[in-house]
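The lines below spell out each chain.
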Amino acid sequence: GVFQKVNRAAKDQGGDSECFAERNDGSCVCIGPNDWISKYASDGSHHVLSCDSIMNSMSMAVPSWLSSDKSSKRAGFLWANLLCEKSSTGGEGGWKKEVDKLDEILKALVDRVPYHIPILLVFQRNYKRALALTQQRKAALNPKATCSWTSAQEEEWKELLEQSRQCEAIWIGSACPSASS
């Protein structure tokens, strides 16, 4: 998994073998869809929680793992992949529910998580659809393929690829210790 690779790389470069979570006296927690978990977080995580979309009640585990008063219950590192997909929410109207859920999670993060804990939120649109079309395009452009790839599909693929490349990142918290501490 990703965490074991990071730990191995740190050790190979002369660093210690502890992961970020261990140095912060907390568990390493991954929350996301099963396919993402098996690809990125299956090894080296102390806690793995399956959550297929932001609408799943398990998404509220994000602020819970970061705000616990007990260090044994608080994550030292939390990596979550909370999907917001129009196709899984009933079309355009479903976005409103997802935005409301995201607002609920952000409010909980701001209200409950100590200010000194850095939180990075990254939003990436249409990744799954862009990935699926990329795989379909690759197969269709193979000289042995029996299916074709249309100019309309090419335009849709380019648009989705561009959308998924344009991410937004938001930092919450991350207060630096003062020079006198």
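Residues numbered from 1 in each chain as written. Predicted model: local features only at pLDDT ≥ 70, side-chain atom pairs only at ≥ 80, totals over all residues. Heavy atoms only, no water.

J.: In this structure, what is going on with the environment of aspartate 35? I would like to understand it.
T.: Secondary-structure assignment places aspartate 35 in helix α3 (residues 34-41). Residue classification places aspartate 35 among the partly exposed positions, given a relative accessible area of 49%. (Helix = DSSP H or I, 4+ residues; strand = E, 2+ residues; numbered from the N terminus. Buried < 20%, exposed > 50% of the residue type's maximum accessible area, 1.4 Å probe, protein only.)

J.: In this structure, what is going on with the packing of helix α6 (residues 127-140) against helix α7 (residues 151-165)? I would like to understand it.
T.: For any two helices packed against each other, one specifies the crossing angle of their axes together with the interaxial distance. The geometry of α6 relative to α7 is characterised by a closest axis approach of 9 Å and an angle of 140° between their N-to-C directions. Classed by the angle they form, the pair α6 and α7 counts as oblique. Where α6 crosses over α7, the handedness of that crossing is left-handed. Seen from α6, the contacting residues are Tyr127, Arg129, Ala130, Leu133, Thr134, Gln136 and Arg137; seen from α7, they are Gln153, Glu154, Glu156, Trp157, Leu160, Leu161 and Ser164. (Axes fitted to C-alpha atoms, helices over the stretch in contact; angles between N-to-C directions. Parallel < 35°, antiparallel > 145°, perpendicular 65-115°, else oblique. Left-handed = near helix turned anticlockwise from the far one by under 90°. Contact = heavy atoms within 4.5 Å.)

J.: When you look at the sheet that holds strand β1 (residues 27-32) in this model, what are you seeing that I'm missing?
T.: In a beta sheet, neighbouring strands pair by backbone hydrogen bonds and run either parallel or antiparallel. As summarised here, the arrangement of the 3 strands in space is β2-β1-β3, forming an open sheet in which the pairing is parallel. The sheet is open, and its two borders are formed by β2 (47-50) and β3 (75-80), each paired with just one other strand. Averaged over neighbouring strand pairs, the angle between their axes works out to 15° when direction is ignored. Pairing between β1 and β2: 4 bridges, direction parallel. (Pairing = 2+ DSSP bridges.)

J.: Hey, could you run me through the nonpolar core in this one?
T.: It is characteristic of soluble globular proteins that their nonpolar side chains tend to be buried jointly. Grouped together as the largest cluster of nonpolar side chains are 20 residues, with contacts concentrated most on Ile31, Trp65, Leu66, Leu78, Leu109 and Ile119. Broken down by element, the residue count for this core peaks at 4 residues, all from helix α4 (residues 61-67). Leaving out residues up to four positions away in the same chain, leucine 109 has contacts with Val62, Pro63, Leu66, Ile119 and Leu121. Counting 7 residues, the second-largest nonpolar core is a separate cluster that includes Trp149, Trp157, Leu160 and Leu161. (Core = buried A, V, L, I, M, F, W, Y, C linked by side-chain atoms within 4.5 Å.)

In short, shape yes, function no, at least from these values alone.
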